Number of protein chains: 4
Amino acid sequence: MSMNSFGHLFRVTTWGESHGPALGATVDGCPPGVPLTAEMIQVWLDKRKPGQNKYTTQRREADEVRILSGVFEGVTTGTPIQLMIENTDQRSKDYGDIAEKFRPGHADITYWTKYGIRDYRGGGRSSARETAARVAAGGVAREAIKMLAPDLKITGFMVQMGEHKTDKRDMDQIDQNPFWVPDADAAATWADYLDGLRKSGSSVGAMIEVVAQHAPAGLGAPVYAKLDTDLSAAMMSINAVKGVEIGAGMQAAMLTGEANADEISMGPDGPVYSSNHAGGILGGISTGQDIVVRFAVKPTSSILTTRKTITKSGENTEIITKGRHDPCVGIRAVPVGEAMMACVILDHMLLHRGQIGSNQGKIG
Amino acid sequence: MSMNSFGHLFRVTTWGESHGPALGATVDGCPPGVPLTAEMIQVWLDKRKPGQNKYTTQRREADEVRILSGVFEGVTTGTPIQLMIENTDQRSKDYGDIAEKFRPGHADITYWTKYGIRDYRGGGRSSARETAARVAAGGVAREAIKMLAPDLKITGFMVQMGEHKTDKRDMDQIDQNPFWVPDADAAATWADYLDGLRKSGSSVGAMIEVVAQHAPAGLGAPVYAKLDTDLSAAMMSINAVKGVEIGAGMQAAMLTGEANADEISMGPDGPVYSSNHAGGILGGISTGQDIVVRFAVKPTSSILTTRKTITKSGENTEIITKGRHDPCVGIRAVPVGEAMMACVILDHMLLHRGQIGSNQGKIG
Amino acid sequence: MSMNSFGHLFRVTTWGESHGPALGATVDGCPPGVPLTAEMIQVWLDKRKPGQNKYTTQRREADEVRILSGVFEGVTTGTPIQLMIENTDQRSKDYGDIAEKFRPGHADITYWTKYGIRDYRGGGRSSARETAARVAAGGVAREAIKMLAPDLKITGFMVQMGEHKTDKRDMDQIDQNPFWVPDADAAATWADYLDGLRKSGSSVGAMIEVVAQHAPAGLGAPVYAKLDTDLSAAMMSINAVKGVEIGAGMQAAMLTGEANADEISMGPDGPVYSSNHAGGILGGISTGQDIVVRFAVKPTSSILTTRKTITKSGENTEIITKGRHDPCVGIRAVPVGEAMMACVILDHMLLHRGQIGSNQGKIG
Amino acid sequence: MSMNSFGHLFRVTTWGESHGPALGATVDGCPPGVPLTAEMIQVWLDKRKPGQNKYTTQRREADEVRILSGVFEGVTTGTPIQLMIENTDQRSKDYGDIAEKFRPGHADITYWTKYGIRDYRGGGRSSARETAARVAAGGVAREAIKMLAPDLKITGFMVQMGEHKTDKRDMDQIDQNPFWVPDADAAATWADYLDGLRKSGSSVGAMIEVVAQHAPAGLGAPVYAKLDTDLSAAMMSINAVKGVEIGAGMQAAMLTGEANADEISMGPDGPVYSSNHAGGILGGISTGQDIVVRFAVKPTSSILTTRKTITKSGENTEIITKGRHDPCVGIRAVPVGEAMMACVILDHMLLHRGQIGSNQGKIG
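Residues numbered from 1 in each chain as written. Chains lettered and ligands numbered in written order. Predicted model: local features only at pLDDT ≥ 70, side-chain atom pairs only at ≥ 80, totals over all residues. Heavy atoms only, no water.

**Some words on a negative patch on the surface**
Then step 1. On the surface, a cluster of negative charge is made up of Glu64(A), Glu86(A), Glu64(D) and Glu86(D).
Then step 2. Along the chain, Glu64(A) falls in the loop between helix H1 (38-48) and strand E4 (65-67). (Patch = residues over 30% accessible without salt bridge, like charges linked within 9 Å, V, L, I, M, F, W, Y side chains within 5 Å. Areas by Shrake-Rupley, 256 points an atom, 1.4 Å probe, with all protein chains shown as cover. Salt bridge = Lys/Arg side-chain N within 4 Å of Asp/Glu carboxyl O. Lys, Arg positive; Asp, Glu negative; His and termini not counted. Charge placed at Lys NZ, Arg CZ, Asp CG, Glu CD. Helix = DSSP H or I, 4+ residues; strand = E, 2+ residues; numbered from the N terminus.)

**Quick notes on the interface of chain C and chain D**
Then step 1. With 114 residues of chain C at the contact, the number on the chain D side is 114 residues.
Then step 2. Interface of chain C and chain D: buried area, both sides summed, is about 9,000 Å²; carbon and sulfur atoms make up 61% of it.
Then step 3. The largest share of the area that chain C buries against chain D comes from Lys114(C), Tyr224(C) and Lys242(C), three residues that together contribute 10% of it.
Then step 4. With its nearest N and O atoms 2.9 Å apart, the salt bridge here joins Lys242(D) to Asp228(C).
Then step 5. For the side of chain C that touches chain D, the per-class residue count stands at 51 nonpolar, 44 polar and 19 charged. (Contact = heavy atoms within 4.5 Å. Buried area = accessible area lost by both parts, 1.4 Å probe. Nonpolar A, V, L, I, M, F, W, Y, C, P; charged D, E, K, R; others polar.)

**So, the side chain of Ser5(D)**
Then step 1. With respect to the helices and strands, Ser5(D) occurs in strand E1 (residues 5-6).
Then step 2. Classification of Ser5(D) by relative accessible area gives buried; the value is 8%.
Then step 3. Aside from chain neighbours lying at most four places away, what touches Ser5(D) is Tyr224(C), Arg11(D), Val12(D) and Thr13(D). (Buried < 20%, exposed > 50% of the residue type's maximum accessible area, 1.4 Å probe, protein only.)

**Considerations on the packing of aromatic side chains**
Then step 1. For the structure on display, the rule yields 16 aromatic pairs over all chains.
Then step 2. Lys114(A) extends its terminal NZ or CZ atom over the ring of Tyr115(A), reaching a point 5.9 Å from the ring centre.
Then step 3. Over the face of the ring belonging to Trp44(B) we find Arg142(B), whose NZ or CZ atom lies 3.7 Å from the ring centre. (Phe/Tyr/Trp six-rings, centres within 6.5 Å; stacked < 30°, edge-to-face > 60°. Lys NZ or Arg CZ within 6 Å of the ring centre and 35° of its normal.)

**Details of the UniProt feature "binding site: FMN" (unreviewed entry) in chain A**
Residues and elements named next belong to chain A.
Then step 1. As recorded in UniProt, the sites labelled "binding site: FMN" (unreviewed entry) are Arg125, Ser126, Ser127, Asn239, Ala240, Gly283, Lys298, Pro299, Thr300, Ser301, Ser302 and Arg324.
Then step 2. Within the secondary structure, serine 126 sits in the loop between helix H3 (108-115) and helix H4 (130-148).
Then step 3. For serine 126, a relative accessible area of 13% corresponds to the buried category.
Then step 4. Among residues more than four places away in sequence, those in contact with serine 126 are His106, Ala107, Tyr111 and Asn239. (UniProt positions renumbered as here; feature names shortened; annotations may be inferred.)

**Structural notes on the relation of the copies chain C and chain D**
Then step 1. Relative to chain D, chain C is turned by 180 degrees and slid 0.0 Å along the rotation axis, the superposed coordinates differing by an RMSD of 0.0 Å. Viewed as a symmetry operation, the transformation between the two copies matches a two-fold axis. (Least-squares fit on C-alpha atoms with pLDDT ≥ 70 in both.)

**Some remarks on the sheet that holds strand E3 (residues 22-28) of chain D**
All names here are of chain D.
Then step 1. Sheet architecture is open: 5 strands sit in the order E1-E2-E3-E7-E4, paired in antiparallel fashion. Lying at the two open borders of the sheet, with one neighbouring strand each, are E1 and strand E4 (65-67).
Then step 2. Across 3 bridges, E4 lies against strand E7 (residues 81-86) in antiparallel orientation. From the neighbouring strand, arginine 66 faces E7, where its bridge partner is methionine 84.
Then step 3. Contacting E4 and E7, helix H1 (residues 38-48) runs over the sheet at an angle of about 150 degrees to E4.
Then step 4. Sheet strands touched by helix H4 (residues 130-148): strand E2 (11-16), E3, E4 and E7. Its angle to E3, the strand with the most contacts, is close to 35 degrees. (Pairing = 2+ DSSP bridges. Axes fitted to C-alpha atoms, helices over the stretch in contact; angles between N-to-C directions.)

**Digging into the sheet that holds strand E7 (residues 81-86) of chain A**
All names here are of chain A.
Then step 1. Spatially, the 5 strands line up as an open sheet ordered E1-E2-E3-E7-E4, and their pairing is antiparallel. The sheet is open, and its two edges are formed by strand E1 (5-6) and E4, each paired on a single side.
Then step 2. Note that E1 and strand E2 (residues 11-16) share 2 bridges and pair antiparallel. By the bridge assignment for E2, serine 5 is matched with threonine 13.

**A short note on the interface of chain B and chain D**
Then step 1. At the interface, 14 residues of chain B touch 14 residues of chain D.
Then step 2. Summed over both partners, the interface of chain B with chain D buries about 1,100 Å², with 61% contributed by carbon and sulfur atoms.
Then step 3. Contact with chain D buries area across many residues of chain B, yet Arg353(B), Gly354(B) and Gln355(B) alone supply 45% of it, more than any other trio.
Then step 4. Linking chain B to chain D there are 0 salt bridges.
Then step 5. For the interface between chain B and chain D, the tally reads 9 residue pairs in polar contact (both at pLDDT 80 or more).
Then step 6. When its residues are assigned to classes, the side of chain B that touches chain D shows 8 nonpolar, 5 polar and 1 charged. (Polar contact = N/O pair within 3.5 Å; in protein donor to acceptor, adjacent residues only side chain to side chain.)

**Structural notes on unusual backbone geometry**
Then step 1. Across the junction of Pro222(A) and Val223(A), the peptide omega takes the value 0 degrees, indicating a cis bond.
Then step 2. With respect to the element layout, Val223(A) can be found in the loop between strand E10 (206-213) and helix H6 (227-236).
Then step 3. Here Asp63(C), not a glycine, exhibits a phi torsion of approximately 50 degrees, which is positive.
Then step 4. Tracing the chain through its elements places Asp63(C) in the loop between helix H1 (38-48) and strand E4 (65-67).
Then step 5. What makes Asp63(C) buried here is its relative accessible area of 0%.
Then step 6. A positive phi angle, near 80 degrees, is found at Ala240(C), a position not held by glycine.
Then step 7. Mapped onto the elements of the fold, Ala240(C) is located in the loop between helix H6 (227-236) and strand E11 (241-246).
Then step 8. For Ala240(C), a relative accessible area of 15% corresponds to the buried category.

**Let's talk about the pairing of strand E17 (residues 307-310) of chain D**
Residues and elements named next belong to chain D.
Then step 1. Pairing between E17 and strand E18 (residues 316-319): 4 bridges, direction antiparallel. Bridge pairing in E18 places isoleucine 310 opposite asparagine 316.
Then step 2. In sequence, E17 turns back onto E18 through a hairpin of 5 residues, with glycine 314 there showing a positive phi of about 90 degrees.

**Considerations on the UniProt feature "binding site: NADP(+)" (unreviewed entry) in chain A**
All names here are of chain A.
Then step 1. Under the UniProt annotation, the feature "binding site: NADP(+)" (unreviewed entry) is placed at Arg48 and Lys54.
Then step 2. Its location among the elements puts arginine 48 in helix H1.
Then step 3. Here arginine 48 falls in the buried class, since its relative accessible area comes to 0%.
Then step 4. Apart from the residues lying within four places of it in its own chain, the contact partners of arginine 48 are Asp63, Ala128, Arg129, Thr131, Ala132, Val135, Arg332, Pro335 and Val336.
Then step 5. Its place among the elements puts lysine 54 in the loop between H1 and E4.
Then step 6. For lysine 54, a relative accessible area of 41% gives the class partly exposed.

**Structural notes on H6(C)**
Then step 1. Of all 10 residues that make up H6(C), 10 are buried, and the element is covered over most of its length.
Then step 2. Within H6(C), the full set of buried residues consists of Leu227(C), Asp228(C), Thr229(C), Asp230(C), Leu231(C), Ser232(C), Ala233(C), Ala234(C), Met235(C) and Met236(C).

**Comments concerning the packing of H6(C) against helix H6 (residues 227-236) of chain D**
Then step 1. The interhelical angle for the contact between H6(C) and H6(D), taken along N-to-C directions, is 160 degrees, at an axis separation of 8 Å. Judged by the inter-axis angle, H6(C) sits roughly antiparallel to H6(D). The chirality of how H6(C) crosses H6(D) is right-handed. For the pair formed by H6(C) and H6(D), the contact residues are Asp228(C), Thr229(C), Ser232(C), Ala233(C) and Met236(C) on the first element and Asp228(D), Thr229(D), Ser232(D), Ala233(D) and Met236(D) on the second.
Then step 2. A breakdown of the residues in the contact of H6(C) with H6(D) according to their chemical character gives 4 nonpolar, 4 polar and 2 charged. (Parallel < 35°, antiparallel > 145°, perpendicular 65-115°, else oblique. Left-handed = near helix turned anticlockwise from the far one by under 90°.)

**A short note on the packing of helix H6 (residues 227-236) of chain B against helix H8 (residues 330-356) of chain B**
The relative placement of two packed helices comes down to the angle between their axes together with the axis-to-axis distance.
All names here are of chain B.
Then step 1. Remark: H6 packs on H8, axes separated minimally by 9 Å, with the N-to-C direction vectors making an angle of 145 degrees. Relative to H8, H6 is oriented so that their crossing is right-handed. Between H6, through Leu227, Asp230, Leu231, Ala234 and Met235, and H8, the contact on the second element is made entirely by Gly337, Met340, Met341, Val344 and His348.
Then step 2. Residue composition of the contact of H6 with H8, grouped by class: 7 nonpolar, 2 polar and 1 charged.

This is how it looks when you write it as structure tokens:
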């Protein structure tokens, strides 16, 4: 129910604003006995951290996570884990313009309309900084998954930046470029493209794909807890995301039944599929194939071009957003998407174990 | 939490299988005092009902809804509304093949793997028949919305069938053709196309758009109850849906910040936007513009072409699905999408009223 | 969240009014593979059924349950189980007085005040008939428990009726008298006492105790899902219940630390306790001892003595409730309390399995 | 669902252990525009703070609350409010005995059995320190209530300590003695009694009553969100509480229908009741009378008398708990009970507004 929480049994509540004293995540329902240190979580926060290269915002945040509860002698206790990240870069500046004017394409106007008050500093609660809390929670989920399904591997990467797409999945390349793109050629092209955008003060959208390999079959539950549903909700809840798809996704609209049906045959370790249009999920339940999710991130509204807008008092005016910003926020959305995938999968592992136990239907 | 429920305050739980005695929806949290009769709900069920033309399954279901509780003297009482639809067409037939073999692209194999038991008759719980219960619940939501926001209008239509797309939004055309497509020319082309598919025993996917006009600003709540999130979860939870997008959606990945930002100016009744890439939702909260959602439905796996598959005992075999089926299940997904939109919007109206009341930030 | 639902993983939603067409329970989250027939559930409904002896209302209800979904070939499928009980005794009568006047001590006035509408026939949703749905759901829970913890036994009984209390726990006596009291002497005394009350058109309250024997240790979770919390909520949610206690309960206020502490020693099969002031629950988690809950049921407000009240239009008047009624509704609350205990315990078994699995801390 | 959360719309999640770095509460769903400062919350924490007199534990905790999010320029924003209290008194000491032995009557053994790990320092998550977080959350609820129902007043007090009861409700006395007892004579007697207990290293239970005056009629919702249910769950979830009752409570078992029925007449401002056996709640919905809840707190298990117990390795042994402790933890439970009442009432105000709005049935 809670508006800032997600998950059924592994339940994450995030809190905090961009320029408040701190932000974080309250993680409830984690299994006990999971080895956990701040360092294990920090790895993922560092991956998301802004200011790492010229393509992400130059805001400098240490993004250092502290575990305030739920861990004793290096191991989770099964009680709530509080993860806190203090905001170190709260530099005082003149927000006057943003306080009075609404940025087109930004949550400014809707927060104001809904609440009658908003923390305009850096976007407040609507800031992408909220996603740091998700990444921290995802770090916990990853450690718990390690215990339950050691082979499971979650990998996120960019597959589109503006009009530049790639169909390559050269996974070894992902860590070799600042865009987490699994395609060395694309990385080179994108670098030039984004450099141009950055210099002109523009921004661009992106598409991210997240894949979970070696996930067990049987995760997910009809009808409103379909694994597709929870994954799409998880991704859509990320700042700036406007579309989500599983497997063939929106392209499924184009396919015939013959093309779409992933044929099944018996392999040495169970069913083997001829293709994966289903994105690893049939009827809301995982098949054991790769779980494949993609989501689209819109371009940031903070750009150097003047746009028409209005003020709080209802006057027509113009706005231009100066200062540090990300030309492509999609870059930093990669570890966020991975974190959401980890949280959803762990949650469904626990749900499955709760309702079903370890007994499942066998084939063969 | 409940796996077969959705909604926060207006909460719908659906139940029932394709070939069981009945199916339905338990609707909790409806405001009291809403005029409601079975006839008001029946209108929408009739729109979804199969067997209405040659393009939908020839299974004959009366789909007659009964209100078993929550209504007294023609008005909702604020207590749970039970909507029941009896299954009249449970014709006895030989399901032997389906009971033993898994249809590629169908939930057969995952239900079996997860639960170790499944009602294989007509797909059981994974059947599209479950959506009748959603449509019934949506009928209730529509009547409640009428009381709270009389101008609000929800309209669904098809915008793509296979490779045939349309960009037209000629709303008067929607009711004039069996595809609910807002484009007379497309309707003609699609008729031929689908006729061919039907005759060859094939099937095809589709894309549906649902628009809510005159929805109030301020609906939705950060971060995990973003209106985008709840809408995408609602649509993705529908049988066979594999992708969801809001406004520019997946295309947002292509856009620059300049193109994406919907500029704002002051109109006589409040803010006016130059465009609607946001699909009526910024920062998870409605702007007052049209709320625009699209979702992709995959083609049904019931086709006349032989496909490779396996049996429960793990042997390789082939399958062909004979009998009545929908060449394009997307057609019947239109009223289902409308119903989900109605439920989500009403739910967020109640949530908004609960947390905020009627006081909101004013502009001007 | 849902106002008519309870449970985390094993989630029950009840619906229906006293004099509507039907009432029932939607049961979600039941493990698959549980053998279940309507007859298994009917046993418990028959125990609760009114009109069985002169001490309960003479209203004649068949209370026959139908399973509309979630069971296939005699076994639960893991999908929602719909249990429906049709109301057969909807005899037409003149409700005029009750429609206009509020019965003191009854929900009449608050339903009207809250909703502005109420189904006054037989109390509508506030009727004790709602508890039939709980008993049906409890029947499902009992069968699932049988599979998971075959030795677990749930027994309810009355320990107080008006000023007549008993401290005896002669369990063999429970089924031997119409009050489910574990004390043959008390049964005789109570029979005379209640006969007098019945003849004078009066009513009286009662105290019920429910015990779960052989429940596994480790059920329950701090802080807001303490087993005490969920049990007390479950019991307090029953019609007419105004107090709940676990173990020593309200008497704990009187005890010293020395008296209250149940000493522990090591027995052949694990820890053994010298007493059970804790009612089988420490820190919200079951110890493995008997789980002991008591709840107080207030007397029904339907009595033959004239009471002062007001009308809907605000005029002072008097009321007297004629017709069939229960002199002690507590009698029929016994199977209801058992059902709630079964639901809560099964729910926590699933929750425990979900978060922890089968690994627990060992002693010795 | 979350095990450490409560509330529907006003939702509180507490976190933290007795001897970890910090503890706190994440408060979601608070209405925007509520004036809020740390000082407003601190008032209530100071009331609960240990070490204030010789009757409460001498552990010294500053219990200073910080607001980390959700408040901007002194006013709530409608986004999550994070309240953090750092643990200042984490003095290093030898916990060896407690780490290996289980205290009878304490959560030690069940936490170990359930989780296979526990933070034994000061009870970890099962410590009464968790209630500080509730008091902080209650402080937020009180400020929101002030805005919505300015006359509403919540007052908690002790009515029993061990065998000493009082029936007096001399509200002016409550703040005049260390026991919050509304009876000057009782205060004197109790002081002597507790002094004796303290010196002998014993402890005793207590009964607390919490009253909400001037609460609006219409709060609460059948069937599982009865106001009684949510209040009893809220109180029962408090550390050491074993019994809860509303109005006549457990005594309702003794009453006849004539005695129990609060007669109604029409007063100048609406219905007036001759008595309040219902504790202000009929059919789960508030009547507008005082809402009256009582709960029993068991004595702390930390006593100076030797008790029999076992070790983790399963050996019989004895234990004696040295060091600071509360002879009557019930004293500090008073502000905790008030806080829970505030949270539940605010939550139901929001729920009522959400489902019903401001329209209600009128009388007269």
